[in-house]
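The lines below spell out each chain.
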Amino acid sequence: MSQRKNQSGQESKSYETERLIIRPMSVDDADLIFELYNMPKFIKFIGNRNINSLSDAENYIKTKFLPQFEKSGFGNYLIVLKEGNQKIGGVGIFERESLDIVDIGFSVLERFEGKGHMFEAAQKIKSIGMDDFGLKKISAITTKDNFSSQKLIEKLGLKFQKYVTLPNETEELMYYETE
């Protein structure tokens, strides 16, 4: 486990699994956020975040990801393949005003789907949240037609609880929780 200073000078941990390096997202990762957040599947299943340039991606990281790390110590992490040092996606634990329990989220570049990387990364982040940060429960939300996400969430041990609609949204989402 390595450590590096975040913008406020606090230590931010990087983690490793068998095949992955998982480290806090930084403005240096704007290229990945730009590509990831503009994939048709991301827009369909997660939503359009209006990331239309690298500058938009940098600003999104500065205003959405970094403040949560400052406040909570956890947030959105970059996933890097050890082999080839390639950025492949993101995984994180997010605080949403509309949910009582923090939720785990993940997204991967389409060319890396179906290789088990997201389960490996999400399983690690779930254990970090519960073991290192003392979270008692973790939730997850997904669309009704995102079957691969539902499968991964259930594989992580979260159970479907109910349908929820987030503020300013119209789509009903599936809500899961750890037991």
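On a predicted model such as this, the values are computed, not experimentally measured, just so you know.

*Asks:* When you look at helix α5 (residues 147–155) in this model, what are you seeing that I'm missing?
*Replies:* Side chains of residues three or four places apart in an α-helix project in the same direction, reflecting 3.6 residues per turn. Residues of α5 that are buried include every one of Ser149, Gln150, Leu152 and Ile153, and no others. Considered in projection along α5, the buried side chains sweep an arc of 165° and stay on one side of the axis. Residues Phe147, Ser148, Lys151 and Lys155 are exposed on α5 and point more than 90 degrees away from its buried face. Residues of α5 that are buried make contact with β7 (103–108), α4 (117–132), β8 (139–142) and β10 (173–177). Directly after α5, the chain includes Gly157, whose backbone phi takes a positive value near 95°.

*Asks:* Just checking my understanding: could you explain the packing of aromatic side chains for this structure?
*Replies:* Each pair of aromatic rings is reported with the distance of its centres and the angle of its planes. What the rule picks out here adds up to eight aromatic pairs. Geometrically, the ring pair formed by Phe69 and Tyr77 is edge-to-face, given 5.2 Å between the ring centres and 85° between the ring planes. The two residues Phe69 and Tyr77 agree in class, both being buried. Each residue in the set Tyr37, Phe42, Tyr60 and Phe65 is aromatic and connected to the rest through ring pairs, giving one cluster. Lys144 extends its terminal NZ or CZ atom over the ring of Tyr163, reaching a point 4.8 Å from the ring centre. Between Lys162 and the ring centre of Tyr175, over which it is positioned, the NZ or CZ distance is 5.3 Å.

*Asks:* How should I be thinking about the packing of helix α1 (residues 30–37) against helix α3 (residues 54–72) in this particular structure?
*Replies:* How two helices pack is summed up by the angle between their axes together with the distance between the axes. One way to put it is that α1 packs onto α3 with a least axis distance of 8 Å and a crossing angle of 100°. Judged by the inter-axis angle, α1 sits roughly perpendicular to α3. Where α1 approaches α3, its residues Ala30, Asp31, Ile33, Phe34 and Tyr37 are matched on the opposing element by Leu54, Ala57, Glu58, Tyr60, Ile61 and Phe65. Across the contact of α1 with α3, the residue classes tally to nine nonpolar, no polar and two charged.

*Asks:* Quick question: what am I supposed to make of the pattern of salt bridges here?
*Replies:* Opposite charge on two side chains permits them to pair, given that their charged atoms come into close proximity. Counting across every chain of the model gives twelve salt bridges. Among the ionic pairs, Asp29 bridges to Lys87, the shortest N-O distance being 3.0 Å. Taken together, the residues Asp29 in the loop between β4 (20–24) and α1 and Lys87 in strand β6 (residues 86–94) connect sequence positions 58 residues apart. We classify Asp29 as buried; its relative accessible area is 0%. On the basis of relative accessible area, Lys87 is assigned to the partly exposed category, the value being 26%. Between Glu172 and Lys144 there is a salt bridge, and its shortest N-O distance comes to 2.8 Å. One end of the pair, Glu172, is in the loop between β9 (159–164) and β10; the other, Lys144, is in the loop between β8 and α5, and 28 residues separate them in sequence. For Glu172, a relative accessible area of 35% translates into the label partly exposed. Taken together, the salt bridges that share partners define one network made up of Arg23, Asp29, Asp31 and Lys87.

Rules used in this analysis
Each chain has its residues counted from 1, following the order in which its sequence is written. Selection of residues for local features in this predicted model requires a pLDDT of at least 70, selection of side-chain atom pairs for listing and counting requires 80 or more, and totals for whole chains, interfaces and linings are taken over all residues. No hydrogens and no water enter the side-chain calculation; it runs on all heavy atoms of the structure. In this scheme, a residue with accessible area under 20% of its type's maximum is buried, one over 50% is exposed, and one in between is partly exposed, where area comes from a 1.4 Å probe on protein chains only. Each helix is a run of H or I in the DSSP string that is no shorter than four residues. Each strand is a run of E no shorter than two, and both are numbered from the N terminus. The arc refers to the directions leading from the helix axis to the C-beta atoms. For this analysis, residues touch if any pair of their heavy atoms sits within 4.5 Å. Centres within 6.5 Å make a pair out of two Phe, Tyr or Trp rings, where for Trp the six-membered ring is used; the pair is then stacked when the planes are under 30 degrees apart, edge-to-face when over 60, and tilted otherwise. Whether a charge lies above a ring is judged from NZ of Lys or CZ of Arg, which has to be within 6 Å of the ring centre and within 35 degrees of the ring normal. Each axis is a line fitted through C-alpha atoms, and for a helix only the stretch in contact is used; angles between axes span 0 to 180 degrees, taken between their N-to-C directions. In these notes the angle categories are as follows: under 35 degrees is roughly parallel, over 145 is roughly antiparallel, 65 to 115 is roughly perpendicular, and the rest is oblique. Ten residues, namely Ala, Val, Leu, Ile, Met, Phe, Trp, Tyr, Cys and Pro, are considered nonpolar, four, namely Asp, Glu, Lys and Arg, are considered charged, and the remaining ones, Gly among them, are considered polar. Each reported salt bridge corresponds to a side-chain nitrogen of Lys or Arg within 4 Å of a carboxyl oxygen of Asp or Glu.

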